[in-house]
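Descriptive analysis of the structure
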Amino acid sequence: MKTRLWGIAICLIAGAVGTVVFELIGFPAAAVTGSAFAVSLTCLFSGARMDLPVRWRDFLFVLIGLNIGSGATAETVQAAKNWPETIVLLSLCVLATLYLSRAFLNKVLKLDPIMAMLAAAPGHLSFVLGIAAERNIDAAPVALIQSIRVLAITLLVPPLITWGLAEGMPDLPELPTMSWINLIALTLAAGAVGLAFQKFNLPAAYLLAGMAVSAAGHMSGLTPGRMPWGLLTVAMIAMGALIGSRFSGVTAKDLRHALAGGVAVTSIGFAVTLISVAIAALLFGASVPLLIIAFVPGGVEAMAAIAILMGMDPAFVAAHHLSRLIILSFLMPIWARRAFR
């Protein structure tokens, strides 16, 4: 227990230091990107285990979900009527990413066909690892390839948008700060709802619960305002630390073996995303930066956090990433059965 607490402390300290450094050099979304980068390096060079406790992770997802839901307005609901159009295009993007990544991992990098299929999934890591466990497959290489993808996308998306596409970034209206009483009430309610969602095996249960409870509170006018910025910053640093902690216990040898696969699935995912975003922008006239964050195959919580930090609509982003997880929930078992046959 003492060793684990020490590892958690190092993880959070490294995340805070990385955030400060990235803020000083002007790197976008520093609370997430700086923390993720610093904790990843600390894990890789120290060899220490820095896993954040599951309940901490759930609480973190609730906070991010509450902040996403705080932007719920009548205008948001009206805008959501157009989301199915881009979600349909996103489903094609997911299919193309999965097919091309699997083919490259299998044909070029010579991964076992089943391993290639699992490693190629553009998200839903816990679900993919569950499939691997059912078939007694070594899930460590799959998890590492997927972790490289999530870290790379987390670090690449903010500078791409800030330094390359800043003119297309939409602005969100400023909201007053939420009272602590309302925040505590929403957090407790979201925790209870998240537990229920988890029992029904919904993807990103606690993030979804935070969004739903917060949206209900804000649409009804009972809990106006956004989360205090200081608390949100702490949550973002912890989010980055969670991404980086996936490299706990990874050796240099493990990293070398998985690096080519991680770079491949990241590159393919990015290429397919940019093509899909270009089509969506032409057909529907949506914001290119917002579409990139919504379509790119990163972690749903990480991409929603980045949207918040960059002042873009996190509800749009979260809705599309949750749709991607739902698509994969139906698609992966079908592909898995075919691969095992």
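So, how was this worked out
- Residues numbered from 1 in each chain as written.
- Predicted model: local features only at pLDDT ≥ 70, side-chain atom pairs only at ≥ 80, totals over all residues.
- Heavy atoms only, no water.
- Core = buried A, V, L, I, M, F, W, Y, C linked by side-chain atoms within 4.5 Å.
- Buried < 20%, exposed > 50% of the residue type's maximum accessible area, 1.4 Å probe, protein only.
- Helix = DSSP H or I, 4+ residues; strand = E, 2+ residues; numbered from the N terminus.
- Contact = heavy atoms within 4.5 Å.
- Phe/Tyr/Trp six-rings, centres within 6.5 Å; stacked < 30°, edge-to-face > 60°.
- Salt bridge = Lys/Arg side-chain N within 4 Å of Asp/Glu carboxyl O.

1. Observations concerning the nonpolar core
Ile64, Ile68, Leu118, Ile293 and Met332 are the most contacted members of the largest nonpolar core, which totals 101 residues. Tallying contributions element by element places helix H15 (residues 314-340) first for this core, with 12 residues. Setting aside residues no more than four positions away along its own chain, Met332 makes contact with Leu98, Met117, Leu118, Ala121, Phe127, Val128 and Ile131.

2. A few points about the packing of aromatic side chains
Tallying each qualifying case throughout the model produces three aromatic pairs. Aromatic pair Phe22 and Phe37: ring centres 5.7 Å apart, planes at 40°, arrangement tilted. Taken together, the positions of Phe22 in helix H1 (residues 2-25) and Phe37 in helix H2 (residues 30-46) put the pair 15 residues apart, joining distant regions of the chain. Classification of Phe37 as partly exposed rests on a relative accessible area of 35%. When the ring of Trp83 is compared with that of Phe316, the centres are 5.7 Å apart and the planes differ by 80°; the resulting orientation is edge-to-face.

3. A short note on the environment of Leu255
Relative to the helices and strands, Leu255 is located in helix H12 (residues 252-284). Separated by 107 residues in the primary sequence, Leu255 and Ile148 place their C-alpha atoms 9.0 Å from one another. Not counting residues within four places of it along the chain, the set of residues in contact with Leu255 comprises Leu44, Leu144, Ile148, Phe247 and Val250.

4. A short note on the pattern of salt bridges
In this structure the tally under the stated criterion is two salt bridges. Its salt-bridge partner being Asp58, residue Arg55 comes within 3.0 Å of it at the nearest N-O pair. Of this pair, Arg55 and Asp58 both sit in helix H3 (residues 54-69), three residues apart, roughly one helical turn. Owing to a relative accessible area of 52%, Arg55 belongs among the exposed residues under this scheme. The exposure class of Asp58 is buried, given its relative accessible area of 4%.

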